[in-house]
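# Understanding the architecture of this molecule
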Amino acid sequence: MNKAGRTGAPMRALGAMSGTSLDGVDAAVVETDGRRILGFGQTGYRPYSEAERAVLHAGLGHWAGPAAEAAGRVVDAAHAALLAEFEGVDIVGYHGQTLAHEPKGRGTCQVGDGAALAEALGVPVVWDFRSDDVALGGEGAPLAPFFHFACAKWIGATEPLCFLNLGGVGNITYVDPAFEAPEEAGALLAFDTGPANAPINDLMQARLGLAMDEGGRLAARGQVEEGALELFLAEPYFARMPPKSLDRNDFAEMIGLVGELSDADAVATLTGMCAAGVLQGMEHCPRPPARLLVTGGGRHNPVLMEMLQVALDCPVDPVETVGLDGDMLEAQAFAYLAVRVAYGMATSCPGTTGVRALVGGGVLSRPERD
Ligand SMILES: Nc1ncnc2c1ncn2[C@@H]1O[C@H](COP(=O)(O)OP(=O)(O)OP(=O)(O)O)[C@@H](O)[C@H]1O
Ligand SMILES: CC(=O)N[C@H]1[C@@H]2OC[C@@H](O2)[C@@H](O)[C@@H]1O[C@H](C)C(=O)O
């Protein structure tokens, strides 16, 4: 930890994310003063075993109780093992695993014990990033947008652009880099676009015993079923104005919409639904973005990328095109956000989560022996 705790002093922050795909833990170092990105550092990945993934799956939708506690133990152990490989870290941002998310209802639930991780690593840990935002009337997600703003500055963007994350769920951030700071009104607009890879993975698993549609190869052989796509787009979520957010399984019944289709047509249609949600969402951008930069595993799916590119006037590229790491952007985001929390800076605002005021969410736990 930066012992002085002086706002503005650069820190070496380590962020860790266990995403909705339940594939594993990503970890990455960012050097930052909480405003600017000063550099990127070491990255790491620790996949969950089949048995661990089953425990996490069983925990989805649970807010407490044995299933949630078992998931928490898996998440804590995987993070403790992976993060111990990193040296010279001042602070850790520990997102944990979202088990349930109902911002306008029961709240939001990420398992992972930051206080225990701080003890295990001997480093201060920021965790429980989303609860304060939800308590203040926000969606609690997405939280990466403040980091996307810093990324836009880092790549020297001068025109408005969008970052699109295609994980289990999709989320988009419109950034206007003409603003000085992310919390200024108009600098950011962000929201979840709809389901992304989660329904594709779930269908591949259920029908073929495969984890994903690798390279979009099955979707490439199928046709999008327009009737199912229309029913999907009639979901009230798409008519709602942003900001708005989703739980991983909010659209689980979509698999039913493609239940009668062949494997190839079903996966093509789910892929089309993911793209359609993004395209629908982009209509909310205050100005047409100069480009769409795609992060998350969906950028490896050429069928999905092509569906976006043919429908949009601006270039659609993976974030690697501008020197960013699309496998690590979310982990880097929570490294960056941890420093902001430690310095008492905002991590969300009305444009990103719909919260009424600026919020600096997150709990800071220091180890006893710090
Ligand atoms: N080569 C590939 N071809 C097709 N799809 C891929 C490929 N690689 C990854 N994916 C998809 O991306 C998913 C992983 O994406 P990612 O790691 O961004 O998700 P996540 O971070 O867990 O989710 P979220 O951002 O919603 O929390 C995989 O489960 C798979 O569906
Ligand atoms: C509640 C929750 O965990 N939401 C995740 C999820 O995964 C993608 C999308 O839905 C996004 O809203 C969010 O994660 C990213 C990291 C975020 O908060 O920006």
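Residues numbered from 1 in each chain as written. Chains lettered and ligands numbered in written order. Predicted model: local features only at pLDDT ≥ 70, side-chain atom pairs only at ≥ 80, totals over all residues.

## Side note on unusual backbone geometry
What counts here: Secondary structure counts use DSSP, requiring at least four H or I residues in a row for a helix and at least two E residues in a row for a strand, with both numbered from the N terminus.
Note the cis peptide between Ala 141 and Pro 142, where omega equals -10°. For Pro 142, the position within the fold is in the loop between α4 (131-135) and α5 (145-154). Look at the link from Pro 242 to Pro 243: it is a cis peptide, with omega at -5°. Here Pro 243 is to be found in the loop between α9 (236-239) and α10 (254-257). Phi at Leu 22 takes a positive value of approximately 60°, unusual for a residue other than glycine. Among the structural elements, Leu 22 can be located in the loop between β1 (11-18) and β2 (24-32).

## Brief notes about the domain arrangement of the chain
So the rule is basically this: Domain limits in this description derive from either an automatic procedure or a database domain assignment. Contact definition: two residues whose C-beta atoms, as placed from backbone geometry, lie within 7 Å. As a working rule, the residues Ala, Val, Leu, Ile, Met, Phe, Trp, Tyr, Cys and Pro are called nonpolar, Asp, Glu, Lys and Arg charged, and the rest polar, with Gly in that last group.
As far as domains go, the chain holds domain 1 (11-142 + 327-365) and domain 2 (156-322). With 22 residues of domain 1 at the contact, the number on the domain 2 side is 23 residues. Of all elements in the fold, only β4 (91-102), α13 (329-342) and α14 (350-353) reach the threshold of two or more residues within the side of domain 1 that touches domain 2. Its residues assigned to classes, the side of domain 1 that touches domain 2 comprises 9 nonpolar, 10 polar and 3 charged.

## As for helix α3 (residues 114-121)
How we decide: For every residue, the other C-beta atoms within 10 Å of its own C-beta are counted; 20 or more classify it as buried, 12 or fewer as exposed, and values in between as partly exposed. C-beta atoms are placed from the backbone. This arc describes the spread of directions from the helix axis toward the C-beta atoms.
Taken together, the buried positions of α3 are occupied by Gly 114, Leu 117 and Ala 118. All buried residues of α3 fall inside an arc of 105° around its axis, so they share one side. Taken together, the buried residues of α3 touch α2 (66-83), β4, β6 (125-127) and β12 (363-365). Positive phi appears at Gly 122, one or two residues downstream of α3, with a value of about 70°.

## What to know about the sheet that holds strand β10 (residues 292-295)
Sheet strands associate in pairs through backbone hydrogen bonding, adopting either a parallel or an antiparallel arrangement. What counts is decided by this rule: For two strands to count as paired, DSSP must find a minimum of two bridges between them. In this description, a line fitted to the C-alpha atoms serves as the axis of each element, helices being fitted only across the stretch in contact, and the angle between N-to-C directions of two axes falls anywhere from 0 to 180 degrees.
Pairing within the open sheet is mixed, and its 5 strands lie in the order β9-β8-β7-β10-β11. Each edge of the sheet is formed by a strand with only one pairing partner; in this case those strands are β9 (188-195) and β11 (316-318). If you compare each strand with its neighbour and ignore which way they point, the axes differ by 25° on average. One ladder, built from 4 bridges, connects strand β7 (residues 161-166) with β10; its direction is parallel. The residue of β10 that forms the bridge with Leu 164 is Val 294. Against the sheet, α5 engages β7, β8 (169-175) and β9, with an angle of about 50° to β8. Strands in contact with helix α12 (residues 302-311) are β7, β10 and β11; relative to β11, the strand with the most contacts, it is inclined by about 150°.

## A few points about the site of ligand 2
We count it as follows: In this entry, near means the residue's backbone-placed C-beta atom lies within 6 Å of the molecule or strand.
Inspection of the region around ligand 2 gives 17 residues, with Thr 98, Ala 141, Pro 142, Ala 144 and Val 169 positioned closest. Partitioning the shell around ligand 2 into residue classes produces 5 nonpolar, 10 polar and 2 charged.

## Brief notes about the confidence of the model for the chain
Going by this rule: Every residue gets a pLDDT, meaning the predictor's confidence in that residue, from 0 to 100.
With 98% of its residues at a pLDDT of at least 70, the chain reaches an overall mean of 96. Predicted confidence for residues 1-5 stays below pLDDT 50, and this span has 9 contacts to residues more than four positions away or in other chains. Taken together, the chains of this predicted complex give a pTM of 0.97 and an interface ipTM of 0.98.

## Section: the site of ligand 1
Among the 22 residues in the neighbourhood of ligand 1, the closest are listed as Gly 19, Ser 21, Gly 167, Gly 296 and Gly 297. The element best represented in the shell around ligand 1 is helix α6 (residues 197-208), accounting for 3 residues. Tallied by class, residues from the shell around ligand 1 come to 3 nonpolar, 15 polar and 4 charged. Looking at the shell around ligand 1, you find at least three residues from each of domain 1 (11-142 + 327-365) and domain 2 (156-322).

## Observations regarding the UniProt feature "binding site: ATP" (unreviewed entry) in the chain
Threshold: UniProt positions are given in the numbering used here, feature names are shortened, and annotations may be inferred rather than shown by experiment.
The sites that UniProt annotates as "binding site: ATP" (unreviewed entry) are Gly 19, Thr 20, Ser 21, Leu 22, Asp 23, Gly 24, Val 25 and Asp 26. Counting through the fold element by element, Thr 20 comes out in the loop between β1 and β2. Thr 20 has contacts with Thr 98, Gly 167, Gly 168, Val 169, Ala 198 and Arg 248, leaving out every residue within four places of it along the chain. Relative to the assigned elements, Gly 24 resides in strand β2.

## A few points about the pairing of strand β5 (residues 107-111)
Among the 5 residues that make up β5, 4 are buried, leaving the element largely enclosed by the rest of the structure. Summarising the sheet, β4 and β5 pair through 5 bridges and their orientation is antiparallel. Within β5, the position partnered with Glu 102 by the bridge is Gly 107. Linking β4 to β5, which pair antiparallel, is a turn of 4 residues.

## As for the packing of α6 against helix α11 (residues 263-282)
If you want to describe how two helices pack, look at the angle between their axes and the distance between the axes. We count it as follows: Every angle not falling under 35 degrees, over 145, or within 65 to 115 is termed oblique; those three ranges are roughly parallel, roughly antiparallel and roughly perpendicular. The hand of a helix crossing depends on one turn: near helix anticlockwise from the far one by less than a right angle means left-handed, and clockwise means right-handed.
Where α6 contacts α11, the axes come no closer than 9 Å and their chain directions differ by 165°. When the axis of α6 is compared with that of α11, the two are roughly antiparallel. In this structure, α6 crosses over α11, and the sense of that crossing is right-handed. Across the interface between the two elements, Pro 199, Ile 200, Leu 203, Met 204, Arg 207 and Leu 208 from α6 touch Asp 263, Ala 266, Val 267, Leu 270 and Thr 271 from α11. Taken together, the residues of the contact of α6 with α11 sort by class into 8 nonpolar, 1 polar and 2 charged.

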